[in-house]
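For reference, the chains in residue letters:
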Amino acid sequence: MSESPESPRTQPPSRPVTPGSQASFGTYGGRPVSFVRRGTRLQGRRQAAWEEHSDRWAVEVPRHISNTSVHPDYVFDAAAEFGRTAPLIVEIGSGLGDAVCHAAEQNPDTDFVAVEVYTPGLANTLIKINSRKLSNVRVVEANAPEVLATMLQAASVTELWVFFPDPWHKSRHHKRRLIQPAFAGLAARVLKPGGVWRIATDWSNYAVHVREVLAGSPDFENLHGGQRSGSESPLTRVWESGVESLVGGAPVKEGRAPVSTDQTGPNEGVDETGGWAPRFEGRILTSFENKAHDAGRLIFDLSYRRR
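Before going into details, it helps to say that this report is about the structure given with it. (Residues numbered from 1 in each chain as written. Predicted model: local features only at pLDDT ≥ 70, side-chain atom pairs only at ≥ 80, totals over all residues. Heavy atoms only, no water.)

1. Observations concerning the side chain of Glu 159
Item 1. Inspection of the secondary structure assignment puts Glu 159 in strand β4 (residues 157-163).
Item 2. What makes Glu 159 buried here is its relative accessible area of 14%.
Item 3. Only 2.9 Å separates the side chain of Glu 159 from the side chain of Arg 198, close enough to count as a polar contact.
Item 4. With residues near it in sequence (within four places) discarded, Glu 159 still touches Leu 88, Ile 89, Val 90, Leu 191, Val 196, Arg 198 and Phe 280. (Helix = DSSP H or I, 4+ residues; strand = E, 2+ residues; numbered from the N terminus. Buried < 20%, exposed > 50% of the residue type's maximum accessible area, 1.4 Å probe, protein only. Polar contact = N/O pair within 3.5 Å; in protein donor to acceptor, adjacent residues only side chain to side chain. Contact = heavy atoms within 4.5 Å.)

2. A look at the pattern of salt bridges
Item 1. Summed over all chains, the structure comprises 12 salt bridges.
Item 2. With a shortest N-O distance of 3.5 Å, Lys 128 and Asp 98 are connected by a salt bridge. Highlighted residues: Lys 128 in helix α4 (residues 119-131) and Asp 98 in helix α3 (residues 98-106), separated in sequence by 30 residues.
Item 3. Among the residues examined, Asp 98 registers a relative accessible area of 26% and is labelled partly exposed. (Salt bridge = Lys/Arg side-chain N within 4 Å of Asp/Glu carboxyl O.)

3. Observations concerning the environment of Gly 83
Item 1. Structurally, Gly 83 is set in the loop between α2 (78-82) and β1 (88-92).
Item 2. On a C-alpha basis, the gap between Gly 83 and Asn 136 in space is 9.8 Å, while along the polypeptide they are 53 residues apart.

4. A few points about α3
Item 1. Among the residues of α3, Ala 99, Val 100, Cys 101, Ala 103 and Ala 104 are the ones counted as buried.
Item 2. Elements that come into contact with the buried residues of α3 comprise β1, β2 (111-116), α4, β3 (137-141) and β4.

5. As for the packing of helix α5 (residues 144-151) against helix α6 (residues 181-190)
When two helices pack together, their arrangement is given by the angle between the helix axes and by the axis-to-axis distance.
Item 1. Taken N-terminus to C-terminus, the directions of α5 and α6 make an angle of 45°; their axes are 9 Å apart at the nearest point. Looking at the two axes, α5 sits oblique to α6. Crossing of α5 against α6: the hand is left-handed. Counting all contacts with α5, which are made through Ala 144, Pro 145, Leu 148, Ala 149 and Thr 150, the residues of α6 involved are Phe 183, Leu 186, Ala 187, Arg 189 and Val 190. (Axes fitted to C-alpha atoms, helices over the stretch in contact; angles between N-to-C directions. Parallel < 35°, antiparallel > 145°, perpendicular 65-115°, else oblique. Left-handed = near helix turned anticlockwise from the far one by under 90°.)

6. Brief notes about unusual backbone geometry
Item 1. Backbone geometry at Lys 133 places phi at a positive 55°, although glycine is not the residue there.
Item 2. The residue Lys 133 is located in the loop between α4 and β3 in this model.
Item 3. Residue classification places Lys 133 among the exposed residues on the basis of a relative accessible area of 74%.

7. Section: the pairing of β3
Item 1. Most of β3 is tucked away, with 5 of its 5 residues classed as buried.
Item 2. Taken together, β2, α4 and β3 form a β-α-β motif whose crossover is right-handed. (Right-handed = clockwise from strand over helix to strand, strands pointing away.)

The analysis is restricted to geometry; functional conclusions fall outside its scope.
Here it is as structure tokens:
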């Protein structure tokens, strides 16, 4: 997909749009984005799937200034797209489409939108949609904040899912984390009153960050406030085990010293706050989550209701 020639703004010559910065100059100006597009090239069956199925299952998004931006005048009409009025679930960062396609298969009376910037992942999702003969999934190649800010209609989403977003471990990169106060405001805009925002991460520092961001939002209520605290808290167990002090949480190889990530956050001994949800049963156990388990990392689930 090409960049829009009708862009109302021009790029500074010293900072052209590239695969790594293509959303930075979209609707959100120079603000840091939460992703780097590490690959957009399609080959083999992914290319074939995109050519054959994208016209049917990929939403054609008018661009603003880059190939993942959303023109601010564009509004997605879910009823027209799906040909019915049904609950709508949106997954941000759908990866290879495992979670969204499994959920769509299990819930045929619900419509799903998968938002992702990784083109090969979207192509994989198209393969799953076609092979499982799903009619209730659409894919969107776009920058998530722009999707929430203008593309989706206000109060149109039943549930919003953000599973295992990039943790951006280094302190200087924390500003790139997807879930920030501004993003919480966008999530509140699209969720219906009573709608649920489900979040999962396998890194304690990001889990604490999310909990703090949402605790400061007047728009959301933690569905499990105060639960799983103290010795029952996964955060307490992570602090006690020290597993995240090793790179990736992986076991130390024989003859080598552990290398600290230094990104686990302060070890306070016991997590007295809690607020952790039980694992969301509607989320299929993907290879990504299995790798986290194999490395000894714990999964943090959080669930919030739109007030």
